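# Secondary and tertiary structure notes
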Amino acid sequence: QVQLVESGGGLVQSGGSLRLSCAASGFTFSAYAMSWVRQAPGKGLEWVSEINSITGGTSYADSVKGRFTISRDNAKNTVYLQMNSLKSEDTAVYYCNARLSISNFWGQGTQVTVSS
């Protein structure tokens, strides 16, 4: 059974930091590109960051570049998102996504709330 379980969300003041984790099971984690996607209140899904499965190369949305860092630990089947210098506009539900060809898995999301 495929599972992606996010954790690490919470309430933080503007300028603070949080580290999100996404623990994966039920599939070959190391073969999948892993992404973080967020949804702010009343808005659509916004892609945040991705780390690929082969080179570990990363990419970021302009809105988070220089503040967020994505990483993965294939031995622990876990992907992380280190979020620094948080802003109120980062408030959203953050979802973990695993993608390989036509396979696409999602977690249940974790809430991040940044107070100004």
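Bear in mind that the values here come from a model prediction, so they are computed numbers and not experimental data. Position numbers for residues count from 1 along each chain, tracking the sequence in the order it is written. In keeping with the model being predicted, local features are shown solely for residues with a pLDDT of at least 70 and side-chain atom pairs are shown and tallied solely at 80 or more, while totals for entire chains, interfaces and linings include all residues. Only hydrogens and water are set aside when side-chain values are computed; all heavy atoms of the structure are taken into account.

## Notes on the overall build of the chain
Applied cut-off: A helix here means a DSSP run of H or I that spans at least four residues, while a strand means a run of E at least two residues long, and both kinds are numbered starting from the N terminus. The size measure is the radius of gyration over C-alpha atoms, and the globule rule it meets is 2.2 Å times the number of residues to the 0.38 power. For the exposure calls, accessible area comes from a 1.4 Å probe over protein chains only, and a residue counts as buried if that area is under 20% of its type's maximum, exposed if over 50%, partly exposed in between. For this analysis, residues touch if any pair of their heavy atoms sits within 4.5 Å.
Broken down by element type, the chain carries zero helices and eleven strands. In terms of C-alpha radius of gyration, the chain reaches 13 Å, essentially the compact-globule figure of 13 Å for 116 residues. Taken along the three principal axes of its C-alpha coordinates, the chain extends 40 × 25 × 25 Å. Here the chain holds 116 residues, and the buried ones make up 41% of them. A separation of at least 24 residues holds for 53% of the contacts in the chain among residues at least 6 apart in sequence.

## Considerations on the state of the cysteines
For the record, the criterion: Cysteine sulfur atoms are paired as a disulfide whenever they fall within 2.5 Å.
Per the stated rule, a full pass over the model turns up one disulfide. Residue pairing for Cys22: its cysteine sulfur links by disulfide to Cys96, the two sulfurs lying 2.1 Å apart. On the sign convention where negative means left-handed, the S-S torsion of about -80° between Cys22 and Cys96 marks this disulfide as left-handed. A residue pair is termed long-range when its members are at least 10 positions apart, and Cys22 in strand E3 (residues 18-25) and Cys96 in strand E9 (residues 92-100) qualify at 74 residues. What makes Cys96 buried here is its relative accessible area of 0%.

## Here we look at the environment of Gln82
As for its position among the elements, Gln82 is in strand E8 (residues 78-83). With relative accessibility at 26%, the residue Gln82 sits in the partly exposed group. Expressed as a C-alpha distance, the spacing of Gln82 and Ser25, which sit 57 residues apart in the sequence, is 21 Å.

## A short note on the pattern of salt bridges
Here is the rule: By salt bridge we mean one thing: a side-chain nitrogen of Lys or Arg within 4 Å of a carboxyl oxygen of Asp or Glu.
Within the structure shown, the criterion is met by five salt bridges. Among the ionic pairs, Arg99 bridges to Glu50, the shortest N-O distance being 2.7 Å. Of this pair, Arg99 sits in strand E9 while Glu50 is found in strand E5 (residues 45-51), placing the two residues 49 residues apart along the sequence. Exposure remark for Glu50: the relative accessible area of 18% places this residue in the buried category. A salt bridge links Asp90 to Arg67, with the shortest nitrogen-to-oxygen separation between them at 2.7 Å. Of this pair, Asp90 sits in the loop between E8 and E9 while Arg67 sits in the loop between strand E6 (58-60) and strand E7 (68-73), and the two are 23 residues apart along the sequence. Taken together, the shared-partner salt bridges in this structure form one network comprising Arg38, Glu46, Arg67 and Asp90.

Keep in mind these values describe shape, not function.
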